[in-house]
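Observations on the model geometry
Chain by chain, the residues run as shown.
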Amino acid sequence: MAKITFISFYNDFSVGVNVLSRVLIEAGHKVSTIFFKLPCQKEIEWFKEEPGCMETFSPYGDIVGSNSDVNKASTRDIKILLDLILELKTDILCISTRSPDRDIALLVLPQIREIFKGIILAGGYGPTFDPETYSDLVDYVYRGEAENKIVELISLIECGKSIEDFDNISYKKNGELVVNKFGEPEEMPLREQLINKDSFYIDYDKLYTYENRHELIRYPYSYSIFFGRGCINTCSYCSAGNWRNLYKKEGFRIPYRRNRQIESVINELIKAKNSGIIFVNFRDEYLTAKFEVLKQFFHMYENEVNIPFWAYLVPKHVVNDPEILRIAVDAGFIDTVVGFQSGSDYINRTFFTRPLPNKYHVEYAHLLAKYKINVKYDLITFNPAETDEHVKETFKLIQALPKERAYLSCARLFFLPGTPASKLFAKFKNTPGDFERYYRNTLLYLICFVMPENEFGKILNNQKMISSWQNLLAFYKDYLEKRGIAFPIGTHDVPGSITTHRYQRMLKKYNYPEIIVWGNGEYYKEMVHIFKGESIRYHIDDEVNGNGIETDISPPEVLSGIKEQIPVFICSSRKQEINTKIMNEYSNFPGKIIV
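What you see is a predicted model, and the numbers here were worked out from it, not measured in a lab.

1. As for the sheet that holds strand β8 (residues 140-142)
Either a parallel or an antiparallel arrangement is found when strands of a sheet pair, and the pairing is made through backbone hydrogen bonds. Taken together, the nine strands give an open sheet; going across it, the order is β10-β9-β8-β7-β6-β1-β2-β11-β12, and neighbouring strands pair in mixed fashion. Strands at the two margins of the open sheet, each flanked by one partner only, are β10 (176-179) and β12 (206-209). Along the sheet, successive strands turn relative to each other by an average axial angle of 25°, direction set aside. Examined bridge by bridge, strand β1 (residues 3-9) and strand β6 (residues 92-96) share five bridges and lie parallel to one another. Along β6, the bridge assignment pairs T5 with L93. The strands touched by helix α3 (residues 102-115) are β1, β2 (30-36), β6 and β7 (119-123); relative to β1, the strand with the most contacts, the crossing angle is about 155°.

Structure below.
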């Protein structure tokens, strides 16, 4: 059987690669994965005229670049990659890339070609929408979905047979691009992942293995998953929503959504939970299905998984039936994004192909606030189609939003190759002076978000202030500092972020006869008040100095003698470590571990 190596750029986790790895390993192949360069965001001094990756703005007003624009592959990084490819004795290289990975692909793939004499395949959004570029860099491009074809494709290559007539394949022949027809798309939804422990991570001139990846990855305890395949939107700037149109042009009609069986998703998540995962990211563009299906799924998730999760729900569906949100919150929904993009319905409809009026998103935002969900509000700035009136509409939108547990996330307009936006915005040309104007507007959006409406009106009338982005940025930072304003991020690291109110909701809903609290240090001190009036059988603290609150402290060993289903609430910055300790050392403990 073949030795296959996947290479993914600026990733530390790839659902697509994990699914394909599972298919190939089950077919008997040896599979390794190399994550070359990890996701990266850094503050930059000024904008690039033509960024290769998205530029955004921190909630504090700073310009932020990403991935290859701010963390380029060093000579040492590339040498480590080339040496590893040779060390793995790979037969076939599979390059999995997205559209923004073009620059690093252009840098790295020619150097791989010099030392690697086997077949190189490329797939993913980048090669699918831009086969011309990638066909110059690799032997073959695979366009579209590959789960139902990759075993056959690899077998042909392994046997030395030609794949030039294989469906979905593109390649260069005599300098001309050959683009084969698409084959029948995958009927079944996305399959279960396999987390391949034969994985390597290269960044900052060092090689890391799966075992020591935590030294490099900030949140190795989170797990990404798709409930289904496909997006119900067709936003002009995004590849995901236009994937369906790609198949439509080839004569295939696929549904907007192809959801997995609920049991399949739950079983995968139970395995992830049992491996020590304490946070789940649903990567679906929208986690959506018929209400009864969602209801069943969230109930099963609550009962069998019960880990906090991030998801992107459909605003209109929730507004029309708020019960969806209540059930999702009970299951563990704690963090999300609401995409507005512009305060102008006209701009959203005409240039972004987003027909849903903003009033639904605003109403949705207020429902999220009711349940204390952490929210990031997305806006697209640097939009040459917007007029001053559209900017004013965005001010009004921002003023209508709930601000608690929320922050404004602004991103510079960035459309991917092959998307409709690349044609829609082709007639607009920006000048360096436009960058200053756009940045001023972005800073005004951020100021508008934190400032009372009457005060913000005074800012707009201060011509000296608003004519200079430097003045606006200095004013904004000073305003935040003097008022102690900080912005929430959904994380286990701070009790008030996702833990305190989630535990309060569970205590109220279930009214447990007894509970166990494992509390450490300052983390526990910040949330001890929520357990007032609860019947606590044991306070566990495994740290030497204790939590400084409870005098009747029990050691973790008390868990070994418990026969009843009593839940353990973990109140510690060491959640993942404690969770894993309970599962490994007290595997017979019958109660739920609450994180």
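2. Some thoughts on the sheet that holds strand β20 (residues 406-412)
The strand order across the open sheet formed by nine strands is β3-β5-β4-β20-β19-β18-β17-β16-β13, and the pairing between neighbours is mixed. Across the chains shown, the open sheet's two edge strands, defined by having one partner strand only, are β3 (41-43) and β13 (222-225). Sheet topology places strand β18 (residues 333-341) next to strand β19 (residues 374-381); six bridges connect them, and they run parallel. For T336, the partnering residue across the bridge sits in β19 and is V375. Set on the sheet, helix α11 (residues 323-331) makes contact with β17 (309-310) and β18; between it and β18 the angle comes to about 135°. Running at roughly 160° to β18, helix α13 (residues 358-370) makes contact with β18 and β19 of the sheet.

3. Details of the confidence of the model for the protein chain
When the pLDDT values of the protein chain are averaged, the result is 92; 98% of them are 70 or greater. Looking across the protein chain, the model is least confident in helix α15 (residues 421-424), with a mean pLDDT of 79, and most confident in helix α2 (residues 75-87), with 98.

4. Description of the environment of D101
As for its position among the elements, D101 is in the loop between β6 and α3. D101 sits in the buried class, given a relative accessible area of 3%. Measuring from C-alpha to C-alpha, the distance between D101 and W46 comes to 21 Å, with 55 residues separating the pair along the chain. With residues up to four places along the chain from it excluded, the contact list for D101 reads F9, Y10 and Y134.

5. With respect to the environment of S66
Relative to the helices and strands, S66 resides in strand β5 (residues 63-66). With 56 residues separating them along the chain, S66 and Y10 place their C-alpha atoms 9.6 Å apart. Dropping the residues within four chain positions of it, S66 is found in contact with C40, Q41, C53 and M54.

6. Points about the pairing of β5
Side-chain alternation along β5 places I63 and G65 on one buried face and V64 and S66 on a second face that is also buried. Examined bridge by bridge, β3 and β5 share three bridges and lie antiparallel to one another. Across the sheet, residue K42 finds its bridge partner in β5, namely G65. Two strands pair when backbone bridges link them, and strand β4 (residues 56-57) and β5 are joined in this way by two bridges, in the antiparallel orientation. Opposite F57, over in β5, you have I63 as the bridge partner.

Scoring rules and cut-offs
- Residues numbered from 1 in each chain as written.
- Predicted model: local features only at pLDDT ≥ 70, side-chain atom pairs only at ≥ 80, totals over all residues.
- Heavy atoms only, no water.
- Pairing = 2+ DSSP bridges.
- Helix = DSSP H or I, 4+ residues; strand = E, 2+ residues; numbered from the N terminus.
- Axes fitted to C-alpha atoms, helices over the stretch in contact; angles between N-to-C directions.
- Contact = heavy atoms within 4.5 Å.
- pLDDT = per-residue confidence, 0-100.
- Buried < 20%, exposed > 50% of the residue type's maximum accessible area, 1.4 Å probe, protein only.

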